[in-house]
Amino acid sequence: MTAVAIALVVLATLLIGARGVAAIRSTPDFLVASRRISPTLNAAAVSGEYLSAASFLGVAGLVVKDGIGALWYGVGFTAGYIAMLALVAAPMRRTGALTVPDFAEARLGSAGLRKLSAVAVLVIATLYLVPQFKAAGLVLTVVSGTPYWVGVVVAGTAVSITLALGGMRAATYVQAFQFGLKLLLFIVPAIWLVLQVSPDTRREALSPVEFTRFERPTPVEFRLDVELTITEPTPVTISGQAPRVLPPGEYPAEAGSTWTFAEGAAVPGVQGALPPGGPGWSRPLLDPNDAGYPLLATLSVLVATVLGTMGLPHIIVRFHTSADGRGARRTAAITVALLSAFYLFPVVYGLLGAVLLPELFLSAGTDTVVVALPARVDSGWVGSLFTALLSAGAFAAFLATSLGLLLALSGAVSHDLLPGATVRRLRFTTLGAAVCVVALALPSAYLDVGVLVTSAFAVAASTFCPLLVLGIWWSRLTAPGAIVGMVVGLVSSAGVIGLGFFLAPPPGLVAILLGQPALWSVPLAFVTMVLVSLGGRPPAWANAAMLRLHLDETERRRR
Amino acid sequence: MTRQRRVAVASPQTRLALARRRTGVRADLPHLPHLPHLAPADLERARRMHRAQLRRALVAVALLAALIIGLPALLAVLPWLDEVRIAGVAVSWLAVAVLPYPALVLLARWQLRRAEQVERSGGEP
C-alpha cells in the first residue's frame, strides 16, 4: 500500500512535469513561472517548496535523538521569514533579479562577484540536496525493505525523470497544492496517533524517563553497520539464530541484520548517540551528545537558520513570482503563518517516538520515526494506511524541495558560471547535478538530515545574508568588499564544516564551533565586507543603484 | 481599474547582453532594468523611504533577536521552568514547542503593516 502511495506521488509529479513541457519556451520560463500570483497563493507555494524532507522527517527524528531542544529547528526555519520580510523581500523583488548572482551583478556591476555567488549557490544547494536524497532513500528502504543504496538510486531516478520531462516549477499552484497536501498528510496522522495511543503512553510522553531497559521483546533492524557497546550480559536473538546471552564488550551489528533484544535487557550504548529520555534530553535546549554548551549550540542553530533562509536559492526565485515588492513582502509575512501551523506538529511525532520507538537511536534510524510510528501503534490495516500516507507526504516533500534545488543549482552552473544558457543545456546540467547528488548521498547514510540541512543554512547565512543585507541597505558597499567578505564567509562556514567533518573532534566547544560555525562566521563575514568596503570607494552610481530598491510601486503607479 | 505594469521577465545579465548588442555600451556599468538613474524627485523620495524603512526593519530585527536569543537564554538560566507544569506539560516545553509561533506571526503582521504604512505616507513621519 505504501509503495502504491509513493508511486502515486511520483506519477502525479511526472504528469505535471509532462504537461509543463509545452509551457517551457525560454530559460526564464524554465526558471520561474512568468505569471504574477496573489501573495497568499505564492506564500503557500513558498511553504510547499520550503518544507523539505528535513522538516517532514528530520525535526521529529532529532527530537527522538537529541531531545526537546531540537524543536528550535522549527522555530528557526519559521523565523527566517521575518528576517526576510524585514530586510530583503521587497527590495530584492524590485531589483528584478531572479537569483543572488543576478542581484550581485545588478547592484554592484561585478561579473566576478556573480561567479563567486554562483559557487556559493552550488555549495548551499549541494549541502541541502544530499540530506533530501538520504531521507528519501531511507523512507523507501523502510517501506520496501531494500538496501539503502537502492532507495537513494530510485529517488534519484524519480527526480531525474521528472526534471527531464520539464521543470515542475512552471506551475506555482502545484507547489501551493503540495503545501496543502503535506500539511494534511502531517497533521491528520499526528492527531490520529495522539487519539490512538493509551493514556499511559500520553502521560509517559510528557514525563519522559531514560531509555535504559527494553520494556518488551524489541527487534532492532540495522540498515547500516553500527558498533554496539554492551555493559552487562544481554540476552539477544540475532537474525533468527538461536537466542544467546552476550557478555559485556564491543559488538559490530552488520547492515541488514536484525537483533531482537529480550524483555528487561539493558540497552546497549552506541558511539555518537545517547538514549532518549535522559536528563539532558528533556531540557528545552539543543545539546547534541551532551557536549556541555546547550545555549551556545542552540543559538548557533538559530542564527544559521534565521539568517540563512534569505539566501536559499530555491526560495529566492519563488519570491519573483510576486507582482511587486509589496506582494513579495506580503508573501513573506503569510509564509510565517503557514509554516507556524506546520511546525506545531513535529513535537507530536518526536515525543511519541521517544516513548514507543526509543530503540531507533541504536540503528541510526531516528530519521524514520515519523513513518515508523503508525505501524507501532496499530498493526492492522489502519496503521498501514497511515504509514502509506506519511511516506507519501515525506516523498512529496523530498520531490518538491529537490526539484527546486536542482533547478537552482543547474541554473547557477549553466546561467552564471557558463555563458549563454539554453533550455537544452539547462536540462542536461540538471541531470548531471542529480547524478552527482546521488553519488554524494550514498556515503552520507550516517549523517542526520536536520543537521546537514542546517549546514546549508549556515553557509547561506555567512555568504548571502551579508551580501543581500548590506547590498540593499548600505550604499558604500563595494564589489571588492563583497567579494572578500563572501570568500571569508564561505571559507569560515563551508570550509570549517568540512574541516570539522574530517577532524571529527570530540563533543565539546570545538565540535560546536566547527560543526555549527554560524555564530562566529556570520559576524566575521559582515565585518570583513564593511571594513574592505570602507577602504575603497563605491562608484558614483552606487547610491542610485541602492536607493531605487526602496522606491515603492505605489508612487510609480500613481504617475 | 488599475493596470498592472508589465515587466519583461529576463535576468539582468540577459538584458545587459541585449542592450550591449544594440548600443555597444560598455559592459562594466550596470544597466538597471527600470531606472538606470533616479530623477531628482524620485531620489528624494527614495532617500526618505530608505531611511524610514531601515529604521523599522532594524526595530523588527531587534525584536526578533530578543525573542530567539532571549527565550533560549531564559530557559538556560531558569531550569526550574522544567518542573512547572500547565495541564501536565512542562512550561519550558511549551516555551519552545508552542509559544514562539504566535509570537512570530504577530511580529510578521506588525512589521508588514508598518512597512506598508511607510509606503502610504511616502516616508514622511
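## A short note on the overall build of chain B
- Looking only at helices and strands, chain B features four helices and two strands.
- N-terminal to C-terminal, the α/β element order of chain B is α-α-β-β-α-α.
- Across the 125 residues in chain B, those meeting the buried criterion constitute 38%.
- A separation threshold of at least 6 residues defines the contact pool for chain B, and within that pool the share at least 24 residues apart is 62%.

## Concerning the sheet that holds strand E6 (residues 258–261) of chain A
Residues and elements named next belong to chain A.
- Across the sheet, four strands lie side by side as E1-E6-E3-E4; this open sheet has antiparallel pairing. Lying at the two open borders of the sheet, with one neighbouring strand each, are strand E1 (218–221) and strand E4 (244–246). Averaged over all pairs of adjacent strands, the angle between their axes in this sheet comes to 40°, without regard to strand direction.
- In this sheet, E6 lies alongside strand E3 (residues 234–238) in antiparallel orientation, the contact comprising three bridges. In the strand pairing of E6, Thr237 is matched with Thr260.

## Overview of the pairing of E3 of chain A
Residues and elements named next belong to chain A.
- Residue alternation in E3 divides its side chains into a buried set, Thr234, Val236 and Ile238, and an unburied set, Pro235 and Thr237.
- Pairing between E3 and E4: three bridges, direction antiparallel. For Val236, the partnering residue across the bridge sits in E4 and is Arg244.

## Section: helix H13 (residues 325–343) of chain A
Residues and elements named next belong to chain A.
- Its 19 residues place the ends of H13 27 Å apart at the C-alpha level, agreeing with the 27 Å of an ideal helix rising 1.5 Å per residue.
- With 14 of its 19 residues buried, H13 lies for the most part within the structure.
- At the N-terminal boundary of H13, the capping side chain belongs to Asp324, with an oxygen 3.3 Å from the backbone nitrogen of Arg326.

## Some thoughts on the packing of aromatic side chains
- Summed over all chains, the structure comprises 21 aromatic pairs over all chains.
- With centroids separated by 5.5 Å and ring planes inclined at 90°, the aromatic side chains of Phe211 of chain A and Phe214 of chain A adopt a geometry described as edge-to-face.
- Geometry around Trp110 of chain B places Arg114 of chain B over its ring, the cationic atom sitting 3.9 Å from the centre.

## Notes on the interface of chain B and chain A
- Each partner contributes residues to the interface: chain B has 60 residues there, and chain A has 67 residues.
- Together, the buried faces of chain B and chain A total about 5,700 Å²; carbon and sulfur atoms form 69% of this surface.
- Seen at the junction of chain B and chain A, the total is six salt bridges.
- Between Arg94 of chain A and Glu119 of chain B there is a salt bridge, and its shortest N-O distance comes to 2.8 Å.
- The interface formed by chain B and chain A holds ten residue pairs in polar contact (both at pLDDT 80 or more) in total.
- At the level of elements, helix H1 (12–23), helix H2 (40–77), helix H3 (91–97) and helix H4 (100–121) of chain B are the ones that each hand at least two residues to the side of chain B that touches chain A.
- The dominant element in the side of chain B that touches chain A, judged by the number of residues it contributes, is H2 of chain B, at 20 residues.
- Looking at side-chain class alone, the side of chain B that touches chain A contains 41 nonpolar, ten polar and nine charged residues.

## Remarks on the confidence of the model for chain B
All names here are of chain B.
- Looking at chain B, pLDDT values average 77 and 70% of them are 70 or higher.
- Per-element mean pLDDT across chain B ranges from 46 in H1 up to 94 in H4.
- Below pLDDT 50 for its whole length, residues 16–36 participates in 29 contacts with residues either more than four positions away or in separate chains.
- Across the assembled chains, the prediction reports ipTM 0.89 with pTM 0.87.

## With respect to the nonpolar core
Residues and elements named next belong to chain A.
- Formed by 178 residues in total, the largest nonpolar core has its most connected members in Tyr50, Phe56 and Leu467.
- If we skip the residues at most four places from it in the chain, Tyr50 touches Phe77, Tyr81, Tyr128, Thr309, Leu312, Ile315, Leu339, Tyr343, Thr401 and Phe457.
- In terms of nonpolar packing, the next biggest core, distinct from the first, is built from 20 residues, Val226, Tyr251, Trp259 and Phe261 among them.

Rules and cut-offs
- Position labels on residues start from 1 in each chain and follow its written sequence.
- Lettering for chains starts from A, numbering for ligands starts from 1, and both go in the order in which the items are written.
- Since the coordinates come from a predicted model, pLDDT governs what is reported: local features require at least 70, and pairs of side-chain atoms require 80 or more to be given and counted, while whole-chain, interface and lining totals use all residues.
- Computation of side-chain values covers all heavy atoms of the structure but excludes hydrogens and water.
- The helix count covers DSSP runs of H or I at least four residues long, the strand count covers runs of E at least two residues long, and both are numbered beginning at the N terminus.
- Exposed residues in this analysis have more than 50% of their type's maximum accessible area, buried residues have under 20%, and partly exposed residues fall in between, with area computed by a 1.4 Å probe over protein chains only.
- Throughout, a residue-residue contact means that at least one pair of heavy atoms, one from each residue, lies within 4.5 Å.
- Pairing between strands is defined by DSSP: at least two bridges between the two strands are required.
- Whenever a helix is involved, its axis is fitted only over the stretch in contact; in every case the axis is a line through C-alpha atoms, and angles between N-to-C directions fall within 0 to 180 degrees.
- Expected helix span is computed as 1.5 Å times (number of residues minus one).
- Side-chain atoms alone can form a polar contact between residues adjacent in sequence; in general such a contact is a pair of N or O atoms within 3.5 Å, and within protein one must be able to donate a hydrogen while the other accepts it.
- Ring pairs are drawn from Phe, Tyr and Trp, using the six-membered ring of Trp, whenever the two centres fall within 6.5 Å, and their geometry is named by plane angle: stacked under 30 degrees, edge-to-face over 60, tilted for the rest.
- Two conditions define a charge located above a ring, namely a distance within 6 Å from the ring centre to NZ of Lys or CZ of Arg, and an angle within 35 degrees of the ring normal.
- In this description, buried area is defined as the sum, over both parts, of the accessible area (probe of 1.4 Å) that is lost when the two are combined.
- By salt bridge we mean one thing: a side-chain nitrogen of Lys or Arg within 4 Å of a carboxyl oxygen of Asp or Glu.
- Three residue categories are used. Nonpolar comprises Ala, Val, Leu, Ile, Met, Phe, Trp, Tyr, Cys and Pro, charged comprises Asp, Glu, Lys and Arg, and polar comprises the others, including Gly.
- pLDDT measures how confident the predictor is about each residue, on a scale from 0 to 100.
- Put simply, a nonpolar core is a bunch of buried Ala, Val, Leu, Ile, Met, Phe, Trp, Tyr and Cys residues held in one set by side-chain atoms that sit within 4.5 Å of each other.

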